[in-house]
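Working through the structure, step by step
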Amino acid sequence: MEKHAVQVLVLAHAYQVPWLKRACEGAIGARLTADSVVDVLQLADLCDAPRLHLRCTRLLAKEFAAVERTEAWRFLQENDPWQELQVLQRLHEADMRRRKWRRKRAEQRVYVELSEAMDCLDHICTEGCTEVGPAGRAPAPAPCARYATTCRGLQLLIRHFSQCHRKSCARCQRMWQLLRLHSALCDRPDRCNTPLCMRFKQKEQEKAAVKAGDDGDKWGLLVKKVKAARVFSSLANRKQASSTTSQC
């Protein structure tokens, strides 16, 4: 394998020996370098070796600047421009997939943060925390578990919202959006302790009675995403709690 993996791969492909072919792909991929990746990529195409092809694509995306300086890449540019175009297209597609994945991860992170903010808002308006408490009650003396990550910032935002009288304040608009999101997620049949919850519910019912526009569609999608994030977060917490209990 160390000396003749390429030749054995060709024979394994010709005689259709899958296990030997996979072993050759692993052996060649383990010794893959920027100098050899272009030749190995062509070999992977000829021998229909998807695992080896994937490793070549990953190395090209990671070390393309070094690959461009190799003699194999210059030879490819001069003698096989179609193969060069295919390689560049694959790199572009891989980059687009990576960007899409990062964008989805960022969006999911936002939904999880909004879900945590909804839990903290409910906690603040029901039990109270260090700086803000329910109407007619003093704040709780001890901070909650999410005080450092979410709860403290939300309390400061609530205090600013209660004292600010400026129009078109960005922080107040953010608080309005959080309160509106809470009302869309709130399923309490009786009176809710969160400010403006019933008011927002009535407005949403009036909008639904007429016809929701594009803004309503986007808002409904946001509510669904945050609701799903809350469900997944709750299931993860239950699983973690049950595993901790079983260990004890």
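This structure is a prediction, so every number in the text was calculated from the model and none was measured.

1. Brief notes about helix H9 (residues 170–185)
Look at H9: 23 Å from first C-alpha to last across 16 residues, which is about the 22 Å you get at 1.5 Å a residue. When we look at burial in H9, the residues that qualify are Cys172, Met175, Leu178, Leu179, Arg180, Leu181, His182, Ser183 and Leu185.

2. Here's the deal with the environment of cysteine 24
Tracing the backbone shows cysteine 24 in helix H2 (residues 18–30). In this structure cysteine 24 comes out as buried when scored by relative accessible area, which is 0%. Every residue in contact with cysteine 24, bar those within four places of it in the chain, is listed here: Met1, Ala5, Val8 and Leu9.

3. A few points about the nonpolar core
Of all hydrophobic cores here, the largest spans 26 residues; its most connected members are Val37, Leu52 and Leu60. For this core, the secondary structure elements donating two or more residues are helix H1 (5–14), H2, helix H3 (37–46), helix H4 (50–62), helix H5 (64–68), helix H6 (71–79) and helix H7 (81–126). In terms of residue count, H3 provides more of this core than any other element does, six residues in total. The contacts of leucine 60, once residues within four sequence positions are left out, are Val37, Leu41, Val67, Val87 and Leu91.

4. Regarding the state of the cysteines
This structure, assessed with the given rule, holds zero disulfides. Free cysteine: cysteine 172, not disulfide-bonded; nearest cysteine sulfur from cysteine 164 at 3.7 Å. The class of cysteine 172 is buried, set by a relative accessible area of 9%. No disulfide involves cysteine 186; its sulfur sits 3.9 Å from the nearest other cysteine sulfur, which is in cysteine 197.

Conventions and cut-offs
Residues numbered from 1 in each chain as written. Predicted model: local features only at pLDDT ≥ 70, side-chain atom pairs only at ≥ 80, totals over all residues. Heavy atoms only, no water. Helix = DSSP H or I, 4+ residues; strand = E, 2+ residues; numbered from the N terminus. Expected span 1.5 Å × (residues − 1). Buried < 20%, exposed > 50% of the residue type's maximum accessible area, 1.4 Å probe, protein only. Contact = heavy atoms within 4.5 Å. Core = buried A, V, L, I, M, F, W, Y, C linked by side-chain atoms within 4.5 Å. Disulfide = S-S within 2.5 Å.

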